[in-house]
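Chain and residue survey
Now for the letters of each chain:
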Amino acid sequence: MRVDRLELFLCRLPLVHFFETSFGRTYDRTFVLARIEGGGQEGWGEAVAEAHPYYSSETTETVWHIVTAFLAPLVVGREFAHPREVFGAMKRVRGQNMAKAVLEMAAWDLYAKIEGRPLAAVLGGSRTHIPSGVSIGIQDSFDQLLDKVARERDAGYQRIKIKIKPGWDLEAVEKIRARFGDIPLMVDANAAYDLDAGAHLAKLDPFDLMMIEQPLDYEDVMDHAALQKAIATPICLDESIHTVRIARDAIAAGACRIINIKPGRVGGHQQSIELHDLCAANDVPVWHGGMLESGIGRAHNIHLASLPNFRLPGDIAASKRYYVPDLIDPAIDIQPDGTIEVPTGPGIGVRVMRDRVEAAAERRLVIEPAGATQ
Ligand code: OSB
Ligand code: MG
C-alpha cells in the first residue's frame with residue numbers, strides 16, 4: 001500500500017446540544033480530517049483534538065502543524081506492507097498522539113478498502129453489534145439533568161455516564177438514583193479533583209456506580225493508586241493512559257480496574273489493539289471512549305469496539321445526539337436493544353459526504369510527495 005496523496009481539512013460543526021465537562025462548555029466542534037489516497041482507494045481519519053488544550057495538550061492547530069511539518073513527510077509517498085507499520089514510521093516524533101492517529105487511522109481505512117474487507121475484520125474484531133452508552137454533560141440544573149437521563153434511558157442506551165466536578169457530583173448521583181433506581185450509571189470527573197478529595201469521593205461508594213473515570217490529575221498514576229485503595233468504586237483511567245507503557249504501570253500499581261480506550265489519545269488503532277491486548281491479559285475490562293466525533297471518527301470507533309475485550313458499553317452513541325446532518329450518510333443510529341451495528345462494507349463502511357465536509361471546512365490543504373500545494 002502506497003500513500004500517494006494526503007488531503008487535510010480543518011472543519012467546524014455546530015453541536016446539537018452544548019457539551020459541558022469539568023473544563024468548560026462547548027457549543028461547536030472544530031476538528032481535523034485526513035483523506036489519503038492509494039491503490040485507487042481513499043481512506044479517512046478524524047483527529048480528536050479540540051480547538052482548546054483543556055482535555056489534552058494537543059489542539060486542532062497543533063495537529064495541523066505537526067501533520068504538515070513533520071508527520072506527512074514520513075507517510076506520504078511511502079509504501080507500507082500493513083497499516084500496523086504506520087505508527088512506528090512516525091516514531092521519531094515524540095507524543096502528538098492525536099496528530100499521529102489521524103494519519104494512522106486513515107491508513108487502516110485505506111488498507112481495509114484495498115483488501116475489500118470491513119475495518120473491524122482487519123483490526124481483529126468479531127462483534128457484529130457493539131453495546132452503546134451515553135455521556136451526559138454538566139447541565140444548567142438538576143431538573144435538566146434528570147430530563148436528559150430519562151430521554152437517553154428511553155432511547156435504549158445501555159448505560160449512562162454523567163460528567164461531574166466539585167459542586168456537581170454527589171447530589172447529581174443521589175437524584176438520579178432516587179428517580180431511576182438501579183440503572184447502569186457511572187461518572188467522569190475529567191481530572192477535576194485531587195487526592196485531598198478522597199474522603200469526599202468515598203461518599204459515592206454507596207451509590208454502586210460502575211466506575212469513576214479519571215478523578216485525579218490528567219498525568220497521574222500513583223495518586224489514583226492511593227485513591228483506589230481508599231474507595232470501593234472502581235477507578236477507570238482515561239486522560240492518564242496515553243501510552244501502552246503507562247497502562248502497564250497503572251495496572252501494576254493498582255491505579256485503575258478499568259481502562260477507557262480512545263484511539264486518538266494513544267496514537268491510533270495499532271496502539272489501541274496493543275492496549276486492548278495488555279488489558280485482556282491482565283483481566284482489565286476496557287470500553288471505547290468518545291470525543292464528540294463526527295461520523296467519520298465514530299465509524300472508526302465502532303470498528304475498534306468490536307474487539308473482544310471491549311466488555312462494557314462505550315461512549316459511542318447515535319449521530320443525531322451530536323450533528324445533524326452528520327458528515328456521513330446514512331447517519332449512525334442505535335437499535336432498540338441499545339446496540340450499534342458494525343458496518344459490513346469495506347473499510348469504515350460508511351459513505352463520507354464530501355459536499356458536507358467541504359461546507360464545514362474552514363481550511364483545506366493537499367500534500368503530495370513533492371511538497372504541499374493548495
Ligand atoms: O472525557 O470522555 C471524555 C468529550 C470530550 C472530551 C473528553 C470526553 C468527552 C466525552 C464525550 O465524555 C463522549 C462522547 O463522545 O459522547
Ligand atoms: Mg473521560
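In case you missed it, the structure is sitting above this.
Presented here is an overview of the structure given in this document. Each residue is numbered by its place in its chain's sequence as written, counting from 1. Think of it this way: whatever chain is written first is A, whatever ligand is written first is 1, and the rest follow in order. Restriction of local features to residues with pLDDT of at least 70 applies here, the model being predicted, together with a cutoff of 80 or more for giving and counting side-chain atom pairs; totals for whole chains, interfaces and linings are based on all residues. Here the side-chain values reflect all heavy atoms present in the structure, with hydrogen atoms and water set aside.

**With respect to the site of ligand 1**
Throughout, near means a residue has at least one heavy atom within 4 Å of the molecule or strand. Near ligand 1, the surroundings consist of 16 residues, among which S135, K163, N190, L292 and Y322 are the closest. A distance of 3.2 Å is found between an oxygen atom of ligand 1 and a side-chain nitrogen or oxygen belonging to D238. Within the contact set of ligand 1, an oxygen atom lies 2.9 Å away from a backbone nitrogen or oxygen of L292. Areas reported here follow the Shrake-Rupley algorithm with a probe of radius 1.4 Å; residue values treat only the protein chains shown as occluding. Calculation on ligand 1 without its partners gives an accessible area of 390 Å², and the protein chains cover 99% of this total. We call two N or O atoms a polar contact when they sit within 3.5 Å, provided that within protein one can donate a hydrogen and the other can accept it, with sequence-adjacent residues counted only if both atoms are side-chain atoms.

**Overview of the coordination of the magnesium ion (ligand 2)**
Coordination of the magnesium ion (ligand 2) by the protein is provided by D188 (OD), E213 (OE) and D238 (OD), with metal-donor distances spanning 2.1 to 2.3 Å. The rule for donors is simple: an N, O or S atom within 2.8 Å of the metal counts, and for Na, K and Ca the reach is 3.2 Å. Water is not among the atoms, so a site may look short of donors. Mapping the donors of the magnesium ion (ligand 2) onto the primary sequence gives the spacing D-x24-E-x24-D. With D188 in strand β7 (residues 185–188) and D238 in the loop between β9 (235–237) and α9 (244–253), this residue pair connects regions lying 50 residues apart in the sequence. Categorising residues by exposure relies on relative accessible area from a 1.4 Å probe, with only protein chains included: less than 20% of the type maximum marks a residue as buried, more than 50% marks it as exposed, and the intermediate range marks it as partly exposed. We classify D188 as buried; its relative accessible area is 0%. Helix numbers and strand numbers start at the N terminus; a helix is a DSSP run of H or I with at least 4 residues, a strand a run of E with at least 2.

**Here we look at the sheet that holds strand β6 (residues 160–163)**
Pairing in this open sheet of 7 strands is parallel, and the strands run β5-β6-β7-β8-β9-β10-β11 from one edge to the other. Whereas interior strands pair on both sides, the edge strands pair on one side only; in this sheet they are β5 (134–136) and β11 (286–288). Bridge analysis of β9 against strand β10 (residues 258–261) gives 2 bridges, and the strand direction is parallel. Counted as the bridge partner of C236 is I258 from β10. Running over the sheet, helix α5 (residues 142–155) touches β5 and β6 and is turned about 170° from β5. For two strands to be treated as a pair, DSSP must find no fewer than two bridges joining them. In this analysis, two residues are considered to be in contact whenever any of their non-hydrogen atoms come within 4.5 Å of each other. Angular values range over 0 to 180 degrees, each being the angle between N-to-C directions of two axes fitted as lines to C-alpha atoms, with helices fitted over their stretch in contact.

**Things to note about helix α6 (residues 170–180)**
Counting along an α-helix, one turn takes 3.6 residues, and residues three or four places apart therefore face a common direction. Of all the residues in α6, the buried ones are L170, A172, V173, I176, R177 and F180. Seen from one end, α6 has its buried residues packed into an arc of 165°, which puts them on one side. Buried residues in α6 make contact with α5, β6, β7 and α7 (198–202). Just downstream of α6, G181 is the residue with a positive phi angle, here 65°. Note: the arc covers the axis-to-C-beta directions of the helix.

All quantities given are derived from atomic positions and should not be read as evidence of function.
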